[in-house]
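# Coordinate inspection notes
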Amino acid sequence: MEDLVPQLKKQDRRIQKELFERVSSKMLGVCRSYTGDLHHAEDCMLKAFVKVFKNIESYESKGSFEGWIRRIMVNECLDFLKLNKSFVYREDSDWEEEMDFEQDLIGFDAQDLLDRLPENYRVVFNLFVLEEYSHKEIAESLKISESASRTQFARAKKKMKELIFQQKNIANEN
Amino acid sequence: MKTNLEKNIKEQIERRKLEVSDNAWDKLTQMMDEKPSSEKGRGGESSFAKRKLWIPVSVAASILFFFTIYLLNSNENEESIHPTNQNTEIVTNQTTVEELNENTTSETMEIVETKKEVFIHQKTELNTEKTNSKEILVKSEERKVSPKPVELSPILEQIIENTMENPKMKEQKTELALQPKLDSESNQKKNYVDPEMLLYSIENNQAVKQNNSDSRMVIIDFNK
């Protein structure tokens, strides 16, 4: 994919379309994991692609080109969530992290689980698990404290566990 | 360290590919074409705003410029007024002395003029913001009569009296009296009596006769 960069820097529309066709479905998946629905995910992805093409000169070929595009996608989604923010990142000092459970997710839709999480939990969970951000980086990007990030992540995992158990119980009853 | 749950979710999400809508590329090209025009519009507004900002700035700058020119002109005027007055005084004094010199030469009187330079520090206060102190050179002229005995004619006496009574000379003396050092010197000069002249007058007292009882001037007849 890096081979497209010189042509992209010339703002070649044909090459831009080629890049779009190569990565758009994957990037839509990334955006979908942050936003509540596919329509908003596509909006965010298109806005992010505009930024990619406009700011292609700032790409210095240091990291992977796909990783650079992905970061722009994630940032666009975070901006979208900030604009439509209806939640507060709470910090609980008495929060204890739940013990991890060794359940496999076979038969479970990961996106469905993410969608059923509260938005603040989902964002922190995605940044930590999918983007592999540290809690410090999450705190900086969301402008929250590091402990708040940890709390949200722990709560997200607890909620996810509850959802998995609920689904398993429903499946067993059936 | 990642848990099973985290790993499973990550794998599922990474593997997933979602189909974009058919007109997604058209939407994107439309957005890319719209952006530059909207940026241009914003640029136009900003340039207009900049132009609007330049108007009060340029007005303020021009006011400041004219005010500075006015101040400079007023300073120059004040500077030019004082020196011309002093020059006139000096010239007048010099003319008087020259006239005196002409008269005294005809009477074979030798007048030794020693010019003494006196610095008068004149502080000219221009305005509340700016104060200039200037040093103006004023030539004060002092006459000394040589010890050679000469007979002063009544005309010469009158000239000397007039010169002494000259208001400008008095003014000059007043100015000099402002400075304590000069004050003592001028007092000494007033009462100055040439010892040689005094000795000559004592030795030849017959040749010296008083003109008037009120006057301090004496007539010396060198023929006697």
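Everything discussed here concerns the structure shown above.
Here's what I pulled together on the structure shown here. The structure displayed is predicted, hence computed values, not measured ones. (Residues numbered from 1 in each chain as written. Chains lettered and ligands numbered in written order. Predicted model: local features only at pLDDT ≥ 70, side-chain atom pairs only at ≥ 80, totals over all residues. Heavy atoms only, no water.)

### A few points about the overall build of chain A
In plain terms, the rule: Secondary structure is summarised from DSSP: a helix means a run of H or I of at least four residues, a strand means a run of E of at least two, and numbering begins at the N terminus for each. Residue burial is assigned from relative accessible area. The probe radius is 1.4 Å, only protein chains are included, and a residue is buried under 20% of its type maximum, exposed over 50%, and partly exposed in between. We call two residues contacting when some pair of their heavy atoms lies within 4.5 Å. Using the Shrake-Rupley algorithm and a 1.4 Å probe, accessible areas are obtained, with residue cover drawn only from the displayed protein chains.
The helix and strand tally for chain A stands at eight helices and zero strands. Along the chain direction, N to C, the helices and strands of chain A fall in the order α-α-α-α-α-α-α-α. Burial analysis of chain A (174 residues in total) assigns 48% to the buried set. Sequence separation of 24 or more characterises 71% of the internal contacts of chain A that already satisfy a separation of 6 or more. Accessible surface, chain A: about 9000 Å² in total, of which carbon and sulfur atoms supply 46%.

### Examining helix H2 (residues 13-34) of chain A
Rule in force here: One axis fitted to the seven residues ending at a residue, another fitted to the seven starting there: the angle between these axes is the bend at that residue. Identification of polar contacts relies on pairs of N or O atoms within 3.5 Å, with a donor-acceptor requirement for protein atoms, meaning one able to donate a hydrogen and the other able to accept it, and with residues adjacent in sequence counted only if both atoms are side-chain atoms.
The largest bend in H2 of chain A is about 50 degrees, located at Val23 of chain A. If you check the start of H2 of chain A, you find a side-chain oxygen 3.0 Å away from the backbone N of Arg14 of chain A, and it comes from Asp12 of chain A.

### What to know about unusual backbone geometry
Residue and element names in this part refer to chain A. For Gln11, which is not a glycine, the phi torsion comes out positive at approximately 60 degrees. Assignment of secondary structure puts Gln11 in the loop between helix H1 (5-9) and H2. Positive phi outside glycine occurs at Glu132, with the angle close to 60 degrees. Take Glu132: it is sitting in the loop between helix H6 (119-129) and helix H7 (135-142).

### Topic: the pattern of salt bridges
What counts is decided by this rule: Criterion for a salt bridge: a side-chain nitrogen of Lys or Arg within 4 Å of a carboxyl oxygen of Asp or Glu.
For the structure on display, the rule yields 13 salt bridges over all chains. Lys10 of chain B is the partner of Glu14 of chain B in a salt bridge, and the nearest nitrogen-oxygen pair spans 4.0 Å. Separated by four residues within a single helix, Glu14 of chain B and Lys10 of chain B lie in helix H1 (residues 4-15), roughly one turn from each other. Among the ionic contacts, a cluster of salt bridges with common partners joins Arg70, Glu131 and Glu132 of chain A together with Lys10 and Glu14 of chain B.

### Here's the deal with the packing of aromatic side chains
Under the convention used in this document: Each pair of aromatic rings taken from Phe, Tyr and Trp, with Trp reduced to its six-membered ring, is defined by centres within 6.5 Å and is described as stacked if the planes are under 30 degrees apart, edge-to-face if over 60, and tilted in the remaining cases.
For the structure on display, the rule yields nine aromatic pairs over all chains. Seen in terms of ring centroids, Phe128 of chain A and Phe153 of chain A are 4.4 Å apart; in terms of plane orientation they differ by 50 degrees. Their pairing is tilted. Within this pair, whereas Phe128 of chain A is found in helix H6, its partner Phe153 of chain A is found in helix H8 (residues 146-173), the two being separated by 25 residues in sequence. Judged by centre distance (5.6 Å) and plane angle (65 degrees), the rings of Phe65 of chain B and Phe66 of chain B are edge-to-face. Residue class for Phe66 of chain B comes out exposed when judged on its relative accessible area of 55%. One aromatic cluster is present, formed by Phe20, Phe49 and Phe53 of chain A together with Trp25 of chain B through successive ring pairs.

### Observations concerning the state of the cysteines
Residue and element names in this part refer to chain A. Using the following cut-off: We call a pair of cysteine sulfur atoms a disulfide when they lie within 2.5 Å.
One pass over the structure, following the stated rule, counts zero disulfides over all chains. For Cys44, which is in no disulfide, the shortest distance to another cysteine sulfur is to Cys77 and amounts to 4.4 Å. Cys44 gets classed as buried once you look at its relative accessible area, which sits at 3%.

### A look at the interface of chain A and chain B
Put simply, the rule is: Defined in terms of a 1.4 Å probe, buried area is the accessible area two parts forfeit on being brought together, summed over both.
At the interface, 41 residues of chain A touch 27 residues of chain B. At the boundary of chain A with chain B, total buried surface from both sides reaches about 3100 Å², with 66% on carbon and sulfur atoms. Summed over the shared surface of chain A and chain B, the number is four salt bridges. Salt-bridge contacts for Glu14 of chain B lead to Arg70 of chain A; the nearest nitrogen and oxygen are separated by 3.0 Å. Summed over the shared surface of chain A and chain B, the number is eight residue pairs in polar contact (both at pLDDT 80 or more).

### As for the nonpolar core
Just so we agree on the cut-off: Buried residues of nine kinds, namely Ala, Val, Leu, Ile, Met, Phe, Trp, Tyr and Cys, make up a nonpolar core once their side-chain atoms join them within 4.5 Å.
One finds Leu19, Met45, Phe53, Phe65 and Leu127 of chain A together with Leu28 of chain B to be the most contacted residues of the largest nonpolar core, which totals 64 residues. Counting residues per element, this core draws most heavily on helix H4 (residues 65-83) of chain A, which supplies 10 residues. Excluding anything up to four places from it in sequence, Leu19 of chain A contacts Met1, Leu4, Leu8, Val52, Phe53, Phe65 and Ile69 of chain A.

Any functional reading would require information beyond the geometric quantities listed.
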